[in-house]
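# Summary of the model geometry
Each chain, letter by letter, is given below.
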Protein chains: 4
Amino acid sequence: MTSAPKRRRRPDARPDEILDAALAVFSAKGFAAARVEDIAREAGLSKGAVYLYFASKEAMLNGLVEQSAGELAKGAEQLVALGAPQDPETAFRGLLRMLFAAMGDPDINAAPRLVFAEAGRFPEIAAHYRSQVLDVARRALRALLAAGVESGAFRDVDADAFMRATGGPGIAHMALTSIFGFPPDQLTDPAEMADALADILLNGLKPRVPAL
Amino acid sequence: MTSAPKRRRRPDARPDEILDAALAVFSAKGFAAARVEDIAREAGLSKGAVYLYFASKEAMLNGLVEQSAGELAKGAEQLVALGAPQDPETAFRGLLRMLFAAMGDPDINAAPRLVFAEAGRFPEIAAHYRSQVLDVARRALRALLAAGVESGAFRDVDADAFMRATGGPGIAHMALTSIFGFPPDQLTDPAEMADALADILLNGLKPRVPAL
Amino acid sequence: MTSAPKRRRRPDARPDEILDAALAVFSAKGFAAARVEDIAREAGLSKGAVYLYFASKEAMLNGLVEQSAGELAKGAEQLVALGAPQDPETAFRGLLRMLFAAMGDPDINAAPRLVFAEAGRFPEIAAHYRSQVLDVARRALRALLAAGVESGAFRDVDADAFMRATGGPGIAHMALTSIFGFPPDQLTDPAEMADALADILLNGLKPRVPAL
Amino acid sequence: MTSAPKRRRRPDARPDEILDAALAVFSAKGFAAARVEDIAREAGLSKGAVYLYFASKEAMLNGLVEQSAGELAKGAEQLVALGAPQDPETAFRGLLRMLFAAMGDPDINAAPRLVFAEAGRFPEIAAHYRSQVLDVARRALRALLAAGVESGAFRDVDADAFMRATGGPGIAHMALTSIFGFPPDQLTDPAEMADALADILLNGLKPRVPAL
DNA sequence: CATGAATGAGCTTTCATTCAT
DNA sequence: CATGAATGAAAGCTCATTCAT
């Protein structure tokens, strides 16, 4: 509560503060159109100070992506690992709920949105995301799928199709809400949306009755 | 059919040639990093000539988006309108096949990818896409859903959830293949992928047996 | 006498005009402190236009050095080659006159001064000057010396010492007049200065009388 | 004589340590491109500490020049003053030896090289060097020349020409070896080079035989 | 005395846009 | 219609200098 002395607030928080600011500005203007000075101002620093912590604008983007990729992958993996063995269906519902909650929150989906927008022109970022997020997610989903097949809850569908069926709606949700400002007609609550999806997908994954 | 001297084939094709070139360059470098000179070269014109047809770089982006939005919406609408009344399930399968074929082809998905990447910073583009593509798609899907419910093929699920469940996997497919270069494990053929998805979703949409 | 249209005076003279301007500005401020904008203004162009002809500030320096090195070496070589066979002493006097005339004229010695000042931090420039100017000069002097020895006009002194004895005073002249603004006490005319030097050196190079 | 803790050896040596560091960095990169931080590191200090001793980067350059100018002039003057009365020829040989030894040693000629490179854009430095070094050297040479004339060893040549003939080869030696990395063909030893020069010049300065 | 985080002016370079030809 | 030289407004990055600690 003491007066904050302009300079040197939290000694080691600077890099993270800058990354937060960078995410905000990149997210708002795109990487190429973002100005370092804007990031600096957003972080409460001068332009030059930013370069004490990051060697270039691109270094900030990389730092950002690494940070977010780590969090993302860890989250999904844990969730699946936790619930899968006991009850694949419940684990799947939980996964979708988390996915929609994250993808529907502009603050949380800012990093993924950025990666979507920029990965096309930064092969390193694409590769990093692929190995740190997508591959991890695929493994997690494959495990979940295997557990479900084992328990008799799921049919043995193609893992890549399963990944698209599961993750795709989340991405679509993000795009519709945070990029296009699409007004939701009925299902405003992410959890309800997730449950509605889970309802369709779990039903669709269920083993068919022999007669059919 | 007379021999054309390379240039000035169809006197009015210039704008479209430029838009094609612009799509290629925007897609490769992003709007902000794309140089008008590159677009001009790609179109076989001088830098100055481009400005005879478009008032600014942003005008090219708008033209591009309008063009692509028109095509996209028309395609989806027609497909649904055509097949829906007779056989909603077959129409749905056809829709998914078209979606995956389009989203898996880098030449075709270039425009949607671009819109995804740039809509965040161009509200007009977002609005245009929303009204010309998303709203149209929603109406078409709603009609398809209604037809399916009517015929007893589908349950009456939420339309927005249905849209996410249908379009999402297509977007995911585009991202995985064209942005992240994700290697498909088993399902390389878009049609098979579409069918696998249709299999899951149609099953999931099927009305439950009362007993269950 | 027609009105000069601001743009496009002599179509292909631009690079040379820019190099002239660059020499003036580099010479006045040094390479590092020179601003491209100053060069542009000196050349009657905008900042950006300079980059239509040279890729970078350093490219201008290189262009400058190459240009000047070529002229310099050619001049010295021709002079020596012309007079040496007939009359080494006269050729030597001519060489010194040319050297002092060049080194005493700020417009002419600007390029050598620049090379002196910057070669230390641009190894390529040093190497280029060494091979294109210094080595050529050494060969020319060696030939002159050999001709003089043959004709009995010179003793057979060390070629490198001869080079220092001949070129050094020229460099000193340049430094004293153009760098330090040293006021000449008596010998203001470069030709007289050259002749006074020639008098000392030719006398010193003369074979000693056996008795002495 | 007690063990010094590395830092703070001689309390007043700091300025000189900084000047040493500054000379090294200026010499390597040129004044404009030299960074104060590099100088500080070279001197084993923090960037800020340098400013406790020098008000600005330019102040370091001035300090450096003053220091070196003093040493240089004093050396030459003493040498000439010492030997001139007794034996002008020997004094001249000694002067040349000292000159070549100094000009051939990169550590010793660093300061003169720097002055050569920068005096053009720092009028104060040029003026200081002119009055503290060049004028002193001219007086010393004039005295040596007068002594030689008196003793019958030298002809009465122009003093400025004499200065160029004496100092020029030294400057050339410095340039060839320390700036251009010119490979010496035969005379590697500075003393031999000085003697070869002395041989030519002393011979050239000798009064002519009446008959000639 | 000493530190090093912070500042901000200034520089090189790029590129959308214009316009004389 | 077409060209491409020219413009000039940015923007990324550097670094001399300051100052709270």
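Residues numbered from 1 in each chain as written. Chains lettered and ligands numbered in written order. Predicted model: local features only at pLDDT ≥ 70, side-chain atom pairs only at ≥ 80, totals over all residues. Heavy atoms only, no water.

An unreviewed UniProt entry lists chain A under the name TetR family transcriptional regulator, with Maricaulis maris as the source organism.

### Details of the overall build of chain A
On a plain count of helices and strands, chain A comes out with nine helices and zero strands. Each helix and strand of chain A, ordered N terminal to C terminal, gives the series α-α-α-α-α-α-α-α-α. Looking at chain A residue by residue over its 212 residues, the buried ones come to 50%. Taking the average place of the 24 positive charges on the side chains of chain A and the average place of its 27 negative ones, the gap between the two points comes to 6 Å. (Helix = DSSP H or I, 4+ residues; strand = E, 2+ residues; numbered from the N terminus. Buried < 20%, exposed > 50% of the residue type's maximum accessible area, 1.4 Å probe, protein only. Lys, Arg positive; Asp, Glu negative; His and termini not counted. Charge placed at Lys NZ, Arg CZ, Asp CG, Glu CD.)

### Some remarks on the protein's contact with DNA strand E
Neighbouring residues of DNA strand E: 35 residues in total, closest Arg14 and Tyr53 of chain A, Tyr51 of chain C together with Arg14 and Tyr53 of chain D. The sugar and phosphate moieties of DNA strand E supply 70% of its atoms located within 4 Å of the protein. Ser46 of chain A is positioned with one of its backbone polar atoms (N or O) 2.6 Å from a phosphate oxygen of DNA strand E. Here Lys47 of chain A contributes a side-chain N or O atom positioned 2.8 Å from a base oxygen of DNA strand E. Breaking the surface near DNA strand E down by element, the ones donating at least two residues are helix 3 (47-53) of chain A, helix 3 (47-53) of chain B together with helix 3 (47-53) of chain D. Looking at the surface near DNA strand E residue by residue, the classes come out as 15 nonpolar, six polar and 14 charged. (Near = heavy atom within 4 Å. Polar contact = N/O pair within 3.5 Å; in protein donor to acceptor, adjacent residues only side chain to side chain. Nonpolar A, V, L, I, M, F, W, Y, C, P; charged D, E, K, R; others polar.)

### Digging into the UniProt feature "DNA-binding region" (unreviewed entry) in chain A
Sites flagged by UniProt as "DNA-binding region" (unreviewed entry) map to residues 35-54 of chain A. Across residues 35-54 of chain A one finds 75% helix and 0% strand; the C-alpha atoms that close the span lie 14 Å apart. (UniProt positions renumbered as here; feature names shortened; annotations may be inferred.)

### Side note on the protein's contact with DNA strand F
In the neighbourhood of DNA strand F, 35 residues make up the surrounding shell, with Lys47 and Tyr51 of chain A, Tyr53 of chain B together with Arg14 and Tyr53 of chain C lying closest. In DNA strand F, atoms within 4 Å of the protein come from the sugar-phosphate backbone in 71% of cases. Separating a base nitrogen of DNA strand F from a side-chain N or O atom of Lys47 of chain A is a distance of 2.5 Å. Between a phosphate oxygen of DNA strand F and a main-chain N or O atom of Ala34 of chain D, the distance comes to 2.9 Å. Counting residues per element, the ones that place at least two in the surface near DNA strand F are helix 3 of chain A, helix 3 of chain B, helix 3 (47-50) of chain C together with helix 3 of chain D. No other element matches the five residues that helix 3 of chain B contributes to the surface near DNA strand F. Grouping the amino acids of the surface near DNA strand F by side-chain chemistry returns 15 nonpolar, six polar and 14 charged.

### Regarding the domain arrangement of chain A
Residues and elements named next belong to chain A. Segmenting chain A into domains produces domain 1 (10-54) and domain 2 (61-205). For domain 1 versus domain 2, the separation of C-alpha centres amounts to 28 Å. Taken together, the contact pairs eight residues of domain 1 with ten residues of domain 2. Buried area between domain 1 and domain 2, summed over both chains or domains, comes out near 790 Å², and the portion from carbon and sulfur atoms is 72%. The largest per-residue losses of area from domain 1 upon contact with domain 2 belong to Leu19, Leu23 and Phe31, which jointly make up 60% of the total buried on that side. The tally of links from domain 1 across to domain 2 stands at zero salt bridges. On the surface where domain 1 and domain 2 come into contact, there are one residue pair in polar contact (both at pLDDT 80 or more). Residues that form the side of domain 1 that touches domain 2 fall into these classes: five nonpolar, two polar and one charged. (Domains from an automatic or database assignment. Contact = heavy atoms within 4.5 Å. Buried area = accessible area lost by both parts, 1.4 Å probe. Salt bridge = Lys/Arg side-chain N within 4 Å of Asp/Glu carboxyl O.)

### Some thoughts on the UniProt feature "domain: HTH tetR-type" (unreviewed entry) in chain A
According to UniProt, the positions carrying the feature "domain: HTH tetR-type" (unreviewed entry) are residues 12-72 of chain A. Across residues 12-72 of chain A, the secondary structure splits into 77% helix and 0% strand, with the terminal C-alpha atoms separated by 23 Å.

### Structural notes on the arrangement of the chains
Of all C-alpha pairs spanning chain A and chain C, none lies closer than 21 Å, and the two are not in contact. Separated in space, chain B and chain D share no contact, their closest pair of C-alpha atoms being 31 Å apart.

### Focus on the interface of chain C and chain D
The partner chain D presents 58 residues to the 59 residues of chain C that form the contact. The tally of links from chain C across to chain D stands at six salt bridges. Here Arg121 of chain C and Glu118 of chain D are joined by a salt bridge, their closest N and O atoms 3.8 Å apart. The tally of links from chain C across to chain D stands at 14 residue pairs in polar contact (both at pLDDT 80 or more). Of all elements in the fold, only helix 1 (14-29), helix 6 (106-118), helix 7 (123-151), helix 8 (159-179) and helix 9 (190-205) of chain C reach the threshold of two or more residues within the side of chain C that touches chain D. Taken together, the residues of the side of chain C that touches chain D break down into 34 nonpolar, ten polar and 15 charged.

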